[in-house]
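Survey of secondary and tertiary structure
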Amino acid sequence: MRDYHIPLINDFMKKIGMDNLQGKTILEIGADMELAVAQEFIKRGAKEVYCANPLFPDSLVSPDNRIKVIKDFGEKVKFENNKFDCIFGIALLEHVLNVEDLFNEVKRMLKPQGFAYLQGNPMYTCHCGHHIWVKTPEKFYKFCDEIKTFEPWEHLTLHTKEEYTENLIRKGLPKEHIEKIVDFLFSDNTSKFVPSKIIQIAKDVYGSRVNVYKTYELIEPNEYYDKVKRDYSEEDLQTVSLTLVISPFYSKILAHYKNLIKKIKIMKLVCQ
């Protein structure tokens, strides 16, 4: 596994204002197959990390007894209320089919003074939003790869299995590859929630506790963009990555207090 998770962990700790995770109990939703994120959390002082992913192979064994492997996440996994200091999920929001259920469960399991960091990339309505992750003996299909499985925003003009199949036939993909790609696109791995809807649901569940961060990529609009901009907002079409940070109420009060102290110090310097 590449170290792509390190910048996201650093971003998580920066946004929650922590230098380490000493003594923290953490839940990672959609954990990676190598448990690399969990091991990094342990290095940073976490007491224990629960890693949940329904795609974990039965053979997966944790290298550390402080890391708990859970091959599921949903109704079958019911942690007690207020169990976790932190809940963490990267490359998660683009896969969740019931966002409201996820947010309500996170709210229930998180301690009142706890933090959650829930991230998604790519988001469905961005130029490369339809997640393809299909391996065949001949090729590993991703989204905007070197053979251009789909052009930017082209996926938003396709709605049914038949439309996707016809589109890929025209591009000359082998029949057996097309079947795997289409099955994946219509499986439980791919959510079609737009960023604005996810944000609205989060605010309905968490209120002022939710902080929203979005990233964009400057991609030149094309014919597909012009077709779909009537159905989607420009904000949703340009949002590539979405991060929601759930903070306790006191953290905002503390942030306002620190900001006020900073302003007072500046005013004193000006007045001297």
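Below: a short report on this structure. (Residues numbered from 1 in each chain as written. Predicted model: local features only at pLDDT ≥ 70, side-chain atom pairs only at ≥ 80, totals over all residues. Heavy atoms only, no water.)

Within the secondary structure, Lys83 sits in the loop between strand E3 (67-70) and strand E4 (84-89). Sequence separation between Lys83 and Ile26 is 57 residues, and the spatial gap between their C-alpha atoms is 8.8 Å. Among residues more than four places away in sequence, those in contact with Lys83 are Thr25, Tyr50, Met109 and Lys111. (Helix = DSSP H or I, 4+ residues; strand = E, 2+ residues; numbered from the N terminus. Contact = heavy atoms within 4.5 Å.)

Our focus in this paragraph is a negative patch on the surface. Taken together, the side chains of Glu138, Glu176, Glu179 and Asp183 make up a negatively charged region of the molecular surface. Residue placement: Glu179 occurs in helix H5 (residues 175-185). Glu179 gets classed as partly exposed once you look at its relative accessible area, which sits at 43%. (Patch = residues over 30% accessible without salt bridge, like charges linked within 9 Å, V, L, I, M, F, W, Y side chains within 5 Å. Areas by Shrake-Rupley, 256 points an atom, 1.4 Å probe, with all protein chains shown as cover. Salt bridge = Lys/Arg side-chain N within 4 Å of Asp/Glu carboxyl O. Lys, Arg positive; Asp, Glu negative; His and termini not counted. Charge placed at Lys NZ, Arg CZ, Asp CG, Glu CD. Buried < 20%, exposed > 50% of the residue type's maximum accessible area, 1.4 Å probe, protein only.)

Here the focus is the environment of Val49. Within the secondary structure layout, Val49 lies in strand E2 (residues 48-52). Overall, Val49 belongs to the buried group, its relative accessible area being 0%. Spatially, the C-alpha atom of Val49 lies 8.4 Å from that of Lys24, the residues being 25 residues apart in sequence. Look past the residues within four positions of Val49 in its chain and what remains in contact with it is Ile26, Ala38, Phe41, Ile42, Arg66, Ile67 and Lys68.

Okay, H5 next. Regarding H5, the residues found buried are His177, Ile178, Ile181, Val182, Phe184 and Leu185. Seen end-on, H5 carries its buried residues on one side only, within an arc spanning 160 degrees. Buried residues along H5 sit against strand E6 (134-135), strand E7 (140-141) and helix H4 (161-170). (Arc of directions from axis to C-beta.)

Right, let's get into the packing of H4 against H5. Put simply, H4 and H5 touch, their axes get as near as 10 Å, and they point 145 degrees apart. Crossing hand, H4 versus H5: right-handed. Residue-level inspection shows Lys161, Tyr164, Thr165, Leu168 and Ile169 of H4 in contact with H5, the latter providing Ile178, Ile181, Val182, Asp183 and Leu185. Looking at the contact of H4 with H5, its residues break down into 7 nonpolar, 1 polar and 2 charged. (Axes fitted to C-alpha atoms, helices over the stretch in contact; angles between N-to-C directions. Left-handed = near helix turned anticlockwise from the far one by under 90°. Nonpolar A, V, L, I, M, F, W, Y, C, P; charged D, E, K, R; others polar.)

Another point: the pattern of salt bridges. Enumeration over the complete set of coordinates arrives at 10 salt bridges. Ionic pairing is found between Asp58 and Lys71, a salt bridge with its closest N-O pair at 2.8 Å. Placement of Asp58 in the loop between E2 and E3 and of Lys71 in the loop between E3 and E4 is noted, with a sequence separation of 13 residues between them. Residue Lys71 is classed as partly exposed on the basis of its relative accessible area, which comes to 40%.

Secondary-structure assignment places Ser241 in strand E9 (residues 239-246). A polar contact of 3.4 Å, which involves the side chain of Ser241, links it to the backbone oxygen of Gly120. Aside from chain neighbours lying at most four places away, what touches Ser241 is Gln119, Gly120, Asn121, Met123, Tyr213, Lys214 and Thr215. (Polar contact = N/O pair within 3.5 Å; in protein donor to acceptor, adjacent residues only side chain to side chain.)

Moving on to the packing of aromatic side chains. Where two aromatic rings form a pair, the distance of their centres and the angle of their planes describe that pair. A full pass over the atoms with the stated rule returns 12 aromatic pairs. Considering the side-chain rings of Phe41 and Phe88, the 5.1 Å spacing of their centres and the 90 degrees angle between planes classify their relative orientation as edge-to-face. Of this pair, Phe41 sits in helix H2 (residues 36-43) while Phe88 sits in strand E4, and the two are 47 residues apart along the sequence. For the pair formed by Phe41 and Phe88, the shared burial category is buried. The ring of Phe140 has Lys135 sitting right over it, with the charged end atom 5.1 Å from the ring centre. (Phe/Tyr/Trp six-rings, centres within 6.5 Å; stacked < 30°, edge-to-face > 60°. Lys NZ or Arg CZ within 6 Å of the ring centre and 35° of its normal.)

In this structure, Leu27, Ile87, Leu93, Phe103 and Leu244 are the most contacted members of the largest nonpolar core, which totals 30 residues. Every element with two or more residues in this core is listed here: strand E1 (25-29), E2, E4, helix H3 (99-109), strand E5 (110-120), helix H6 (195-206) and E9. Residue contributions to this core peak at 6 residues, all from H6. Counting 25 residues, the second largest nonpolar core, distinct from the first, contains Ile16, Val37, Ala46 and Phe88. (Core = buried A, V, L, I, M, F, W, Y, C linked by side-chain atoms within 4.5 Å.)

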